[in-house]
Every structure is written in structure tokens, then in C-alpha cells.
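Results of the structural survey
Take a look at the letters that make up each chain.
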Amino acid sequence: QLVESGGRRVQSGQSLRLSCVASESIFNINAMAWYRQVPGKEREFVAGINWSGGNTNYGDSVKGRFTISRDNAKNTVSLQMNSLKPEDTAVYYCAQSQYGRSSKYLEEYKYWGQGTQVTVSS
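Residues numbered from 1 in each chain as written. Predicted model: local features only at pLDDT ≥ 70, side-chain atom pairs only at ≥ 80, totals over all residues. Heavy atoms only, no water.

So, about the pairing of strand S1 (residues 2–5). Residues Leu2 and Glu4 point to one face of S1 and are all buried, whereas Val3 and Ser5, pointing to the other face, are not buried. As defined by bridge partners, S1 adjoins strand S3 (residues 16–22) across 4 bridges and the pair is classed as antiparallel. Across the sheet, residue Val3 finds its bridge partner in S3, namely Val21. (Buried < 20%, exposed > 50% of the residue type's maximum accessible area, 1.4 Å probe, protein only. Helix = DSSP H or I, 4+ residues; strand = E, 2+ residues; numbered from the N terminus. Pairing = 2+ DSSP bridges.)

This is the structure we're talking about:
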């Protein structure tokens, strides 16, 4: 089970930090990722991190603004979002991969959280 938290309404240019806690005991051997989705559009890859936290990758639209991190001792993955824009408004989902490597491919992620709403107003 994955449980996200931290989503809320903020103003453009502000920062927000999302967290995801995993109940699975195998958390520390699987890659994790954040995706986002707006109504009527496909789920979009935001950021991924490998099992150890030593390798990360990001979607083009968030590079340089968002940072993904993980704490394997706490079964937690976080997404620090800076310089938020109205186009970042979406439901953000935490996902756990079947593999240890980080990937942007949605089909590699087996477990998903319920999502947390982020709204950025201009």
C-alpha cells in the first residue's frame, strides 16, 4: 500500500513537498516514481529514483525544479517541487516499480497510491 500526502493549493512560484509512505517490506529493493495526471490526459511521468537513491530521472517539464528523494529506513519517497507553475496542477501519484532500476515506463510500476491533488493558482 502506498499513501501520498502533502498536496494542496499554492500560488505560482511557491514550493511544495509531497511524501509517500509504503507499507511493503520490499520497499528498499524497488525503484519508486511520481506521476501526475489531469482530467482527459494520460498519466505523465514526473520523476523516478532507483532502489538505492543513487540514480534519478525526471520528466522534461520539471527538470531543474523538482527533486525526488527516498529514505529507505522510513519506507518513504518524497518530491520537492519548487517554482511551481499553474501547469503543474494535477493529481500526483506515487508508484512502486517491479524492478530496482529507475524508469519512466508506466508499465513497470506495479503498485500505485490513491493520489494527492496539487493546485497551483496564478
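Next, the rest of the story.
By the element assignment, Asn50 lies in the loop between strand S5 (44–49) and strand S6 (56–58). In this structure Asn50 comes out as buried when scored by relative accessible area, which is 11%. A polar contact is formed between the side chain of Asn50 and the backbone nitrogen of Gly53, at a distance of 3.0 Å. Once residues lying within four places of it in the same chain are set aside, the contact partners of Asn50 are Ala31, Asn55, Arg70, Gly100, Arg101 and Ser102. (Polar contact = N/O pair within 3.5 Å; in protein donor to acceptor, adjacent residues only side chain to side chain. Contact = heavy atoms within 4.5 Å.)

What the rule picks out here adds up to 5 salt bridges. Note that Asp88 and Arg65 form a salt bridge whose closest N and O atoms lie 2.8 Å from each other. Pair noted here: Asp88 is in the loop between strand S8 (76–81) and strand S9 (90–97) and Arg65 is in the loop between S6 and strand S7 (66–71), with a separation of 23 residues, a long-range link. Through salt bridges that share partners, Arg36, Glu44, Arg65 and Asp88 make up one connected network. (Salt bridge = Lys/Arg side-chain N within 4 Å of Asp/Glu carboxyl O.)

Evaluation of the coordinates by the stated rule reveals 1 disulfide. The disulfide that involves Cys20 links it to Cys94, with 2.1 Å between the sulfurs. One quick way to see it: the torsion about the S-S bond of Cys20 and Cys94 is about -80°, and its sign makes the bridge left-handed. Linking Cys20 in strand S3 with Cys94 in strand S9, this pair joins segments that are 74 residues apart in sequence. Considered together, Cys20 and Cys94 belong to a single accessibility category, that of buried residues. (Disulfide = S-S within 2.5 Å.)

None of this, on its own, says anything about what the molecule does.
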